[in-house]
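This is what each chain is made of:
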Amino acid sequence: MKRVETLKKIAFEKKGFDGFLITNEANMLYFAGFPGATCLLFPRNGENTLYVYGVNYEQAKAEGKGFSIEFVKRDENLAAKVAAQIKDYGIKKLAFDSLTIENYRGLVKFLRGKAKLKPQAKLVWELRKVKDAEEIELMRKAGELTCEGMRAAYEYIRPGIREYEAAAEIEYAMRKKGSWGTAFETILASGVRSAYPHGGCTDREIREGDLVVVDIGASYRYYRSDMTRTLVAGKPSEKQKRLYEIVKTAQQKAVQAIKSKAKAKDIDTTARKVIEEAGYGDYFVHSLGHGVGLEVHEPPTLGQQSKDRLAVGNVVTIEPGIYLVGFGGIRIEDTVLVKECGSEKFTDGFYTLEAGK
């Protein structure tokens, strides 16, 4: 409930709202600790209310602590129900994180001018992007489980197996150690497909000498991790080894540059400069990284257009890459906690092109 009270203090005392409606799934999970709600209503005066359809009602009563649980019938108009509660609580200025056009119009219709609505997603993100001690422990665990998956990748990937077979072994290894699921769809792209940053996972058979980009993440108690390694099925060529060392150096220097109050843009520049000076700047085709938490892509963003500054408690990815169409791609990524004077990797190890190492 501390997170709820912090949001209410910011929204009500500092911003002048007297109600806050949460509809984003991850935001509801963040505040209520329960994944199956429909929406949350925080009034200045009144009970915090969790709206739940019947299919999740009993679970909400068991897991949604600190909230009034409001049962929503399947044939009820949710906007009308929430609007009635807003009026009962005397809410005149309502903040919300996100609403579909349909739900926004429904609320406006049923409120009949009794309350003004204003989007305030940024207030929630300001809380979510700085992880508290509990979140950090869960993400540390997610990182450990992800490393177990990467261990399986290095043990299993070899010429003659298909991408989906390797992905299955990786996901099984994470599950067996305690993962609640994957943080995102596993990417296991081999050969020329490794040059596609989001190459997915197909039935392609891995061949001798292929570069294989393995981008995986475990989920633990809803928190996620993100890790990428690149390896070769067989013996690496000199060009593959040279490109790998460039990306590895870029990643190392970027991680070393992380600290509280650093400009996110500058961390991107640190890695990008290494790749540009090696002559491959045009082949680093994405930003350096992004925040991670309940979702795999969150603020802050580490890129050339970013206005963010890093803060203690941010958890971000550092993932430089070089992608040569027709040849293959190399990416190295870790999930990293920002500390006052440095960082901590939640994912680590396996910095080699050679499988079995």
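The rules behind each value
- Residues numbered from 1 in each chain as written.
- Predicted model: local features only at pLDDT ≥ 70, side-chain atom pairs only at ≥ 80, totals over all residues.
- Heavy atoms only, no water.
- Helix = DSSP H or I, 4+ residues; strand = E, 2+ residues; numbered from the N terminus.
- Rg over C-alpha atoms; globule rule 2.2 N^0.38 Å.
- Buried < 20%, exposed > 50% of the residue type's maximum accessible area, 1.4 Å probe, protein only.
- Contact = heavy atoms within 4.5 Å.
- Areas by Shrake-Rupley, 256 points an atom, 1.4 Å probe, with all protein chains shown as cover.
- Lys, Arg positive; Asp, Glu negative; His and termini not counted.
- Charge placed at Lys NZ, Arg CZ, Asp CG, Glu CD.
- Phe/Tyr/Trp six-rings, centres within 6.5 Å; stacked < 30°, edge-to-face > 60°.
- Pairing = 2+ DSSP bridges.
- Axes fitted to C-alpha atoms, helices over the stretch in contact; angles between N-to-C directions.
- Salt bridge = Lys/Arg side-chain N within 4 Å of Asp/Glu carboxyl O.
- Left-handed = near helix turned anticlockwise from the far one by under 90°.
- Nonpolar A, V, L, I, M, F, W, Y, C, P; charged D, E, K, R; others polar.
- Patch = residues over 30% accessible without salt bridge, like charges linked within 9 Å, V, L, I, M, F, W, Y side chains within 5 Å.

The next point concerns the overall build of the protein chain. Tallying secondary structure elements over the protein chain gives 10 helices and 19 strands in all. Computed over its C-alpha atoms, the radius of gyration of the protein chain comes to 23 Å, within 12% of the 21 Å expected for a compact globule of 357 residues. The principal-axis extent of the C-alpha atoms belonging to the protein chain is close to 70 × 40 × 35 Å. Evaluated residue by residue, the protein chain yields a buried proportion of 52% over its 357 residues. A fraction of 65% describes how many contacts in the protein chain between residues 6 or more apart in sequence connect residues 24 or more apart. With an accessible surface of roughly 16,500 Å², the protein chain has 48% of that area assigned to carbon and sulfur atoms. Positive and negative side-chain charges in the protein chain, numbering 57 and 49 respectively, have mean positions lying 6 Å apart.

Glancing now at the packing of aromatic side chains. In the structure shown here, the tally under the stated rule is nine aromatic pairs. Seen from their ring centres, Tyr30 and Phe31 are 5.0 Å apart, and the 80° between their planes marks the pair as edge-to-face. Aromatic side chains Phe42 and Phe67 sit 6.3 Å apart centroid to centroid with 35° between the ring planes, which places their arrangement in the tilted category. Here Phe42 is found in strand 2 (residues 39–43), whereas its partner Phe67 is found in the loop between helix 3 (57–63) and strand 4 (68–72), with 25 residues between them in sequence. The same class applies to Phe42 as to Phe67, namely buried. A connected cluster of aromatic rings, assembled from ring pairs, spans Tyr30, Phe31, Phe42 and Phe67.

Each strand in a sheet pairs with its neighbour through backbone hydrogen bonds, running either in the same direction (parallel) or in the opposite one (antiparallel). The six strands are arranged 4-3-2-1-5-6 in an open sheet whose pairing can be described as mixed. The open sheet has two edge strands with one neighbour each: strand 4 and strand 6 (116–119). Neighbouring strand axes in the sheet, compared pairwise and without regard to direction, differ in orientation by 25° on average. Pairing between strand 3 (residues 49–53) and strand 4: five bridges, direction parallel. When the bridges of strand 4 are listed, Thr49 appears paired with Ser68. Relative to the sheet, helix 1 (residues 2–14) contacts strand 1 (19–22) and strand 2, its axis offset from that of strand 2 by approximately 60°.

For the rest of this paragraph, the subject is the pattern of salt bridges. Pairs may arise between side chains of opposite charge once their charged atoms sit close together. Inspection of the entire model under this criterion finds 23 salt bridges. Of the charged contacts in the structure, one is a salt bridge between Glu126 and Lys129, with a shortest N-O distance of 3.5 Å. Judged by its relative accessible area of 40%, Glu126 is partly exposed. Note that Lys345 is salt-bridged to Asp334, the shortest N-O span being 3.9 Å. Here Lys345, found in strand 19 (residues 342–345), pairs with Asp334, found in strand 18 (residues 334–339); they are 11 residues apart in sequence, far enough to count as distant. What makes Asp334 buried here is its relative accessible area of 0%.

Attention now goes to the sheet that holds strand 7 (residues 181–182). As summarised here, the arrangement of the three strands in space is 7-10-11, forming an open sheet in which the pairing is antiparallel. The sheet terminates laterally at strand 7 and strand 11 (223–224), the two strands that pair on one side only. Of the pairings in the sheet, the one linking strand 10 (residues 218–220) to strand 11 comprises two bridges and is antiparallel in character. Paired with Tyr220 across the bridge in strand 11 is Tyr223.

What you see with strand 16 (residues 321–324) is no split at all: Gly321 and Tyr323 on one side and Ile322 and Leu324 on the other are buried throughout. Where strand 16 lies against strand 17 (residues 328–331), four bridges are found, and the strand directions are antiparallel. Bridge pairing links Gly321 to Arg331 in strand 17. Two successive antiparallel strands, strand 16 and strand 17, enclose a turn made up of three residues, where Gly326 displays a positive phi of approximately 90°.

To continue, consider the packing of helix 7 (residues 133–156) against helix 8 (residues 163–177). At their nearest, the axes of helix 7 and helix 8 sit 8 Å apart, and the two run at 145° to each other. The crossing of helix 7 and helix 8 is right-handed. Here Leu145, Thr146, Glu148, Gly149, Ala152, Ala153 and Tyr156 of helix 7 come into contact with helix 8, specifically with Glu165, Ala166, Glu169, Ile170, Ala173, Met174 and Lys177. Broken down by class, the residue content of the contact of helix 7 with helix 8 amounts to eight nonpolar, two polar and four charged.

Taken together, the side chains of Lys9, Lys14, Lys15, Lys93, Lys116, Lys118 and Lys122 present a region of like positive charge at the surface. Elements represented by at least two residues in the positive patch include exactly helix 1 and strand 6. As for its placement among the helices and strands, Lys93 is situated in strand 5 (residues 93–96).

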